[in-house]
Amino acid sequence: MNVRAGQKASSADLIDVAKLVDDYFAIKPDVTIADQKVVFGTSGHRGTALNGSFNEDHIAAITQAIVEYRRGAGIGGPIYVGKDTHALSGPAEQTALEVLAGNGIAALIDSNDGYTPTPAVSVAIINHNAGKAADAGDLADGLVITPSHNPPTDGGFKYNPPHGGPADSDVTNWVAARANEIIAGGLREVKRAKPNAGKFDFRENYVSQLGDVLKLEAIAGSQVSIGADPMGGASVDYWGLIGERYNLNLTVVNPEVDFQFGFMTL
């Protein structure tokens, strides 16, 4: 075991956020190199701006490919967009919104420009599509901008189709292949415009429905003490409202958001 295991990170261990964001815009990927191609894992493309595996060209091309996929699939409703607390999520959201605007796609982002856990995006999609036929022209889908548990240097970009969950491999394989074609072609097919996204209260929509699926009144009545640690993640603004809304004896023990994740131990 490393002698520093369990200790807090020093400043020398932490990422340079400014350089990471600069590299997101500055480094142009070469998709003839395997490590710089768009590759979808668990429904999404992940990588870091530092080595050309997650950069602006990737996100512009992926978003354009998703626009083409959803049009071909007859998906004509809004696209719900949520981001997490990784440093690259904000820049990636900006890129995606520019491409969605350029293609005339209605996008919905958090009404407070906050962070959005993946399940909150899924619930928004499911709510929107409830009762609609599978071939309805106004079905919604979503983008979840997160590398999940990956390190602070990483970014992630995921697509959720109208069922609300992660896209199947038949969809992601098509999107990845098309995105790599677009990058190889110099992004000439990418349409961009000033973002014009609408607002949606992901947090209220999600928290208001928790009582329908969990017996929160029983938890409140038990007076059990709950400590909730968002661990710097996208749920940071959700736990407090959950406790307040359902009268839970709940304390948020670490509400800190830090792009460097400097509060974590090694």
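Presented here is a report on the structure given in the accompanying data block. This is a predicted model, so every value here is computed, not measured.

## Considerations on the pattern of salt bridges
- Inspection of the entire model under this criterion finds 13 salt bridges.
- Arg192 is the salt-bridge partner of Glu98, the closest N and O atoms lying 2.6 Å from each other. Separated by 94 residues along the polypeptide, Glu98 in helix H3 (residues 89-102) and Arg192 in the loop between helix H5 (169-184) and strand S6 (198-200) bring together distant segments of the chain.
- On the basis of relative accessibility, which here comes to 18%, the residue Glu98 falls in the buried class.
- Judged by its relative accessible area of 36%, Arg192 is partly exposed.
- Note that Asp138 and Lys132 form a salt bridge whose closest N and O atoms lie 3.1 Å from each other.
- The class for Lys132 is partly exposed, based on a relative accessible area of 32%.
- Each of Glu68, Arg178, Glu181 and Glu189 takes part in a single network of salt bridges with overlapping partners.

## Describing helix H2 (residues 56-72)
- Over its 17 residues, H2 runs 24 Å from end to end, which matches the ideal 24 Å to within 8%, given 1.5 Å per residue.
- The element H2 is extensively covered by neighbouring structure, given that 13 of its 17 residues are classed as buried.
- Backbone geometry just after H2 places Gly74 at a positive phi near 75°.

## As for the sheet that holds strand S4 (residues 141-145)
- An order of S1-S5-S4-S2-S3-S6 is seen for the six strands of this open sheet, with the pairing classed as mixed. Looking at which strands have only one partner, the edges of the open sheet turn out to be strand S1 (44-48) and S6. Averaged over all neighbouring strand pairs, the angle between strand axes comes to 25°, with direction disregarded.
- Bridge count for strand S2 (residues 79-83) against S4 is five bridges, and the pairing is parallel.

## Describing the nonpolar core
- Formed by 41 residues in total, the largest nonpolar core has its most connected members in Ile62, Ile66, Ile79, Val81, Leu100, Leu143 and Phe157.
- Among the elements of the structure, helix H1 (17-26), H2, S2, H3, strand S3 (107-110), S4, strand S5 (154-160) and H5 are those that each provide at least two residues to this core.
- Here the element with the most residues in this core is H2; it accounts for seven residues.
- Setting aside residues up to four positions removed in sequence, Leu143 forms contacts with Ile66, Ile79, Tyr80, Val81, Gly82, Ala96, Leu100, Val121, Phe157, Lys158 and Tyr159.
- Ranked by size, the runner-up nonpolar core spans 21 residues in total, among them Phe200, Val207, Leu216 and Ala220.

## Considerations on H1
- Those residues of H1 not exposed but buried are Leu20, Asp23 and Tyr24. Projected down its long axis, H1 carries its buried residues within an arc of 110°, all on one side. Opposite the buried face of H1, at more than 90 degrees from it, the exposed residues are Ala18, Asp22 and Ala26.
- Close packing links the buried residues of H1 with S1, H2 and H3.
- Its side-chain oxygen at 3.2 Å from the backbone nitrogen of Ala18, Asp16 defines the N-terminal cap of H1.

Conventions used here
- Residue positions are given per chain, counted from 1 along the sequence in the order it is written.
- Side-chain atom pairs in this predicted model are given and counted only at pLDDT of 80 or more, local residue features only at pLDDT of at least 70, and totals for whole chains, interfaces and linings cover all residues.
- To get the side-chain values, take all heavy atoms of the structure and skip hydrogens and water.
- Salt bridges are defined as contacts in which a side-chain nitrogen from Lys or Arg sits within 4 Å of a carboxyl oxygen from Asp or Glu.
- Numbered from the N terminus, helices here are DSSP runs of H or I no shorter than four residues, and strands are runs of E no shorter than two.
- Relative accessibility decides the category of a residue: with a 1.4 Å probe and only protein chains considered, values under 20% of the type maximum give buried, values over 50% give exposed, and everything between is partly exposed.
- Expected helix span is computed as 1.5 Å times (number of residues minus one).
- For two strands to count as paired, DSSP must find a minimum of two bridges between them.
- Helix axes are fitted only over the stretch in contact, all axes being lines through C-alpha atoms; the angle between N-to-C directions runs from 0 to 180 degrees.
- In these notes, a set of buried Ala, Val, Leu, Ile, Met, Phe, Trp, Tyr and Cys residues joined through side-chain atoms within 4.5 Å is what counts as a nonpolar core.
- The contact rule is simple, with two residues in contact once any of their heavy atoms fall within 4.5 Å.
- It is the directions from the helix axis to the C-beta atoms that the arc portrays.
- For the purposes of these results, a polar contact is taken to be a pair of N or O atoms within 3.5 Å, where, inside protein, one atom must be able to donate a hydrogen and its partner to accept one; residues adjacent in sequence count only when each atom of the pair is a side-chain atom.

Function cannot be inferred from these measures alone, as they are strictly geometric.
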